[in-house]
Amino acid sequence: MATLTKQRIGSVLAKQGILIAFAVFMIAFTIANPKFLSVDNLFSVVRSSAILGVMALGVTFVVISGNLDLSVGSMMSFSTIVVLDLHDKIGPLLAIPAMFAMTLGLGAFIGFLVGYLRLNSLIVTLGMLSAIHGLTLTYSGGQNMDIADKEGTWFSAFGQGTALGVPVPILIFIAVAVFLGAVLSKTAFGRKVYAVGGNGTAATFSGIRRARTVFTCYLISAACVATAGLIQASRSMGSQNTVGQGLELEVLAAVILGGASLLGGSGTIFKAVIGVLILGFIQNGLLLLGLQFYVQFVVTWVIIILAVWLDIAAKRGKLWSPIA
Amino acid sequence: MQQGTLSKALKSGAIWGFIAFELVFFSVAGEFLSLSDKAFMDFDNMLLLLKQSAPIGIIAMGMTIVMVNGNIDLSVGATFAIAAIILLESMTWPIFAALGDWVIPVAWLLALTAGTLLGALNGLIVWKTGVDAFIVTLGSMLGFRGIVFMFNGENPTSHLNWTLVDFAEAEFLGLATASWVLLAVTLVIWFVMSRTVHGRNAYAIGDNREAAVNAGIRVGPHMMINFAIIGFLAALSAVVFYSESGSVNPNDGQLYELWVITAVVLGGTKITGGAGSVIGTFGGVIAIQLLRKGLGHIGADTSTVNLVIGLILIAVLFLDRQLNVKGKEELKV
């Protein structure tokens, strides 16, 4: 009886561990510095997490389908540069759909390689990381992009505006999260994504078109990247070619923190959002504690490994790996 | 059976064929496009190429072992930066002031020890927790880089020791120190992989971990040793490079993991483990450096280099799949 309760506590801890950790962090930071829980601070954290967050939502689909996407960082640089460049050439109304179309084109290319040609997604997106970076540099000629007339355009609304007192990036993040959350948990397509990631062969035998599902996941990821690029461009109104460099790994860290398995088949949009918020609040909380900015990376390292470790420890019922 | 050997020969030869193609292509294209009169296949140019390959190449040898073993290490760039800082910083510590130039081997030893320990730490975590190496090293990549930044903020760490620079720039039989180190590391790792029990076990574990366990191979210690080796080699790469340059930026080594993995995959190592060769990796390293140099030679800028390398990596993956048509048992969907 006692062991049973123990096991139950263990499994609850493991299943909801990330939520518990989140709560503990929030309480600890609030006690340490009351400013932490102020509305201003909360808004500023979520707003600065929105770009990373929107990208993480798309990558969640890719990861659940059993693949990886390391190209989102350099793809985000691409869409930011493209939309800034086109803004002055054809106006914001046309620039935004044109940028989305180009980014989706890149996503479709990756989706074709991974979905239909069944190439290893880690290597394909690693190659695309480099290739898209080259494409961006070629497009911009290595120059920074700036919007000439920063005052006379409504383009700044996506990154800097507020609606009903809430910053627009937060609203976009919430809207995309709610929409994709519904797609993943309420539609047939969402169930197919889990099926393909959980057991691709079984999914194929039950009549799911694996290639098409994976392809669509990469399209979703690309659409999220384009949205993130739009927020980034609108927030800064000018950008370097390397604005998204390294983001792919932070995005992946957030998705993994949210409990998605890299083997595919598990993870949710809600937990991915929690993963993003944990990263954002840790960064903010450590700064409010007066610690150096870079301490957050070390803390993130420890948290990622602990989170994944506890998760798999609960699944195998043993803390330590059985590997001899 | 025969087709198997044929495709095997094709695969192991492919990287050298690609290098030959690059040499011919850039020589011919250089005649028309190059701004300089110097021929691309100039002997000195090739020696310089070998030297420039060293920082990536030395790490790539370690990555070959780790990938053959069925793991991956994303933290090598950050380990590289930590080792570089320890190398340059420790030479200025007052406790070593009395040593004079004997501080150099001490600094080397400290940097190499740090790299080995960081690698072993990765390996220990992979072994004991059972968390996938991709996640463990993704985390430590962030963590190690954080440590680098905590040390000196955004500022570079510099210390120039002329004895050290002279050593790094010295040439022996026409080859620079860095080239010798690269060749020596290649030879040693080749020996370990093809002539020792540890090497054979690394292949066995990468090919089929269950079977390896059943055969009584202790999987964990082998993985840890391999991570320690790649940590050591990342530090060695830093020692070779920063002995000459004498200044390290906190961002140095970023994206090295991507270059290294690209070289290893080009050289024919399977990302899922169990297959790959050190000589192939050496070919992959040379092929990438040739591509960078060659594209520069015909007047292309860095953007084209990135584009071409990315697409070649994907093309290699595609060709590799076509050459290994197992297809029959696989579902065509």
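Basis of the calculations
- Residues numbered from 1 in each chain as written.
- Chains lettered and ligands numbered in written order.
- Predicted model: local features only at pLDDT ≥ 70, side-chain atom pairs only at ≥ 80, totals over all residues.
- UniProt positions renumbered as here; feature names shortened; annotations may be inferred.
- Helix = DSSP H or I, 4+ residues; strand = E, 2+ residues; numbered from the N terminus.
- Rg over C-alpha atoms; globule rule 2.2 N^0.38 Å.
- Buried ≥ 20, exposed ≤ 12 C-beta atoms within 10 Å, placed from the backbone.
- Contact = placed C-beta atoms within 7 Å.
- Expected span 1.5 Å × (residues − 1).
- Axes fitted to C-alpha atoms, helices over the stretch in contact; angles between N-to-C directions.
- Parallel < 35°, antiparallel > 145°, perpendicular 65-115°, else oblique.
- Left-handed = near helix turned anticlockwise from the far one by under 90°.
- Nonpolar A, V, L, I, M, F, W, Y, C, P; charged D, E, K, R; others polar.
- pLDDT = per-residue confidence, 0-100.
- Core = buried A, V, L, I, M, F, W, Y, C linked by C-beta atoms within 7 Å.

The name an unreviewed UniProt entry gives chain B is Autoinducer 2 import system permease protein LsrD, with Albidovulum sediminicola as the organism. For chain B, the Function (unreviewed entry) comment in UniProt is given as "Part of the ABC transporter complex LsrABCD involved in autoinducer 2 (AI-2) import. Probably responsible for the translocation of the substrate across the membrane." What the UniProt record of chain B gives under Subcellular location (unreviewed entry) is the line "Cell membrane".

The name given to chain A in an unreviewed UniProt entry is ABC transporter permease, with the source organism recorded as Albidovulum sediminicola.

> Whenever I open this one, the overall build of chain B confuses me. Can you help?
From N to C terminus, chain B includes 13 helices and four strands. For 333 residues, the compact-globule formula gives about 20 Å, and the C-alpha radius of gyration of chain B, at 21 Å, lands near that figure. Based on the C-alpha atoms only, the size of chain B along its principal axes is roughly 70 × 60 × 35 Å. Out of the 333 residues in chain B, the part that is buried amounts to 48%. Of the contacts formed within chain B by residues at least 6 apart in sequence, a portion of 80% connects residues at least 24 apart.

> Please explain the overall build of chain A as it appears in this structure.
Across its full length, chain A holds 14 helices and four strands. Over its C-alpha atoms chain A spans a radius of gyration of 20 Å, differing by no more than 12% from the 20 Å that the globule rule assigns to 324 residues. When the 324 residues of chain A are sorted by exposure, 52% land in the buried category. Summarising the internal contacts of chain A: among those between residues at least 6 apart in sequence, 78% fall at separations of at least 24.

> Is there a simple way to explain helix α13 (residues 269–288) of chain A in this structure?
It helps to recall that an α-helix has 3.6 residues per turn; residues three or four apart then point in one direction. Over its 20 residues, α13(A) runs 28 Å from end to end, which matches the ideal 28 Å to within 8%, given 1.5 Å per residue. Residue A:Gly290 follows α13(A) closely and has a positive phi angle near 85°.

> Is there a simple way to explain the packing of helix α3 (residues 39–64) of chain A against helix α8 (residues 168–186) of chain A in this structure?
A packed helix pair is summarised by two numbers, namely the angle formed by the two axes and the spacing between the axes. All names here are of chain A. Where α3 meets α8, the axes come as close as 8 Å, and the angle between the chain directions of the two elements is 40°. Taken together, α3 and α8 sit at an angle that is classed as oblique. For the pair α3 and α8, the crossing hand works out as left-handed. In contact with Phe43, Val46, Arg47, Ala50, Gly53, Val54 and Leu57 of α3, α8 contributes Pro169, Ile170, Ile172, Phe173, Val176, Ala177 and Leu180. Its residues assigned to classes, the contact of α3 with α8 shows 12 nonpolar, one polar and one charged.

> Where do I start with the confidence of the model for chain B in this structure?
Close reading of the predicted structure is inappropriate where its pLDDT is low. All names here are of chain B. Scored by pLDDT, chain B comes out at a mean of 84, with 91% of its residues at no less than 70. Mean pLDDT across the secondary structure elements of chain B bottoms out at helix α1 (residues 2–33), with 73, and peaks at helix α4 (residues 103–129), with 93. In the model, residues 327–333 has pLDDT below 50 throughout and makes six contacts with residues more than four positions away in sequence or in other chains. For this predicted complex, the interface score ipTM comes out at 0.81, while the overall pTM is 0.85.

> Looking at this structure, I do not really get the nonpolar core. What am I missing?
Counting residues in hydrophobic clusters, the biggest one holds 203 residues, and the most contacted among them are A:Met55, B:Ala83, B:Leu87, B:Ala111, B:Ala238, B:Val239 and B:Val260. Among the elements that line this core, the one with the most residues is helix α10 (residues 219–245) of chain B, at 17 residues. Those residues in contact with B:Val260 that lie beyond four places of it in its chain are B:Ile56, B:Ile59, B:Ala60, B:Met63 and B:Val76.

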